[in-house]
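Coordinates in review
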Amino acid sequence: MELLAPYRTEVQGQRRALQPLADSLGVPLDTLWRDIVDEWDTSGTMKASWLPTSFRDGRALYTLSLPQGWWVDITTTETIVALGDLLEDHLDEPLTMSHVSGEDRLLTTKIADVLRNDVTLDDGSLPRGIRFVSKHGSPSSGSGVCWAYWLREHDSGLAEPAQVINRQAIEETNAAFAAALQFCKIKTR
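If you're wondering where the values come from, they're calculated on a predicted model, not measured in any experiment.

**Some points on the environment of His136**
Within the secondary structure, His136 is located in the loop between strand E4 (129-133) and strand E5 (145-149). Put simply, His136 and Ser101 are 35 residues apart on the chain and 9.9 Å apart in space, counted from C-alpha to C-alpha. Those residues within four positions of His136 in sequence are excluded, and the remaining contacts are Met1, Glu2 and Ala5.

Right, here's the structure in full:
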């Protein structure tokens, strides 16, 4: 869902993702959508609401071996309160889940920067990264948990302890991929 959600052209029967573009062009949303579909049909290269095969071909599913250490769950009450205290000079209101999972990239980047560079855990170690529930939800068939790993060793010029254990192609028949396509109302070939 994290990868496919930006490709959604229709949300709850509306094409809201295209609304900012329609507004900037000064045209009705339906007119913009019709023009896009007509242009794509004419060029014969892609179909609207279809994900090209190159999307899957250019990506893979990886299994990683990560070094031991702690991950900060940025969606717990304790973390949100602690981050709120650390970031109080940057906030006009108390920090909430909507901030840590929101679209304000300046704020979410600041949160990540503080956690990576300014936080030492109770046991004296540095966090390995963060974990959080996807803002797209938690499907019944999977965890819906996202992980962000900081490449501390790599950034310091040291050997990276994280290792790729397995790489597999994203097949059209992959159950998680098929479910995400269905949720996003996208087709693929």
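Next comes the rest of the description.
**Regarding helix H6 (residues 105-117)**
Counted at 1.5 Å a residue, the expected span for H6 with its 13 residues is 18 Å, and the 18 Å between its end C-alpha atoms agrees. Every buried residue of H6 is listed here: Leu107, Thr108, Ile111, Val114, Leu115 and Arg116. N-capping of H6 is provided by Asp104, with a side-chain oxygen placed 3.2 Å from the backbone N of Leu106.

**Quick look at helix H2 (residues 29-43)**
Here H2 contains 15 residues, and its C-alpha end-to-end distance of 21 Å stays within 8% of the 21 Å for a straight helix at 1.5 Å per residue. Those residues of H2 lying buried are Leu29, Leu32, Trp33 and Ile36. Considered in projection along H2, the buried side chains sweep an arc of 100° and stay on one side of the axis. Residues Asp30 and Thr42 are exposed on H2 and point more than 90 degrees away from its buried face. Buried residues belonging to H2 abut helix H1 (19-25).

Calculation rules
- Residues numbered from 1 in each chain as written.
- Predicted model: local features only at pLDDT ≥ 70, side-chain atom pairs only at ≥ 80, totals over all residues.
- Heavy atoms only, no water.
- Helix = DSSP H or I, 4+ residues; strand = E, 2+ residues; numbered from the N terminus.
- Contact = heavy atoms within 4.5 Å.
- Expected span 1.5 Å × (residues − 1).
- Buried < 20%, exposed > 50% of the residue type's maximum accessible area, 1.4 Å probe, protein only.
- Polar contact = N/O pair within 3.5 Å; in protein donor to acceptor, adjacent residues only side chain to side chain.
- Arc of directions from axis to C-beta.

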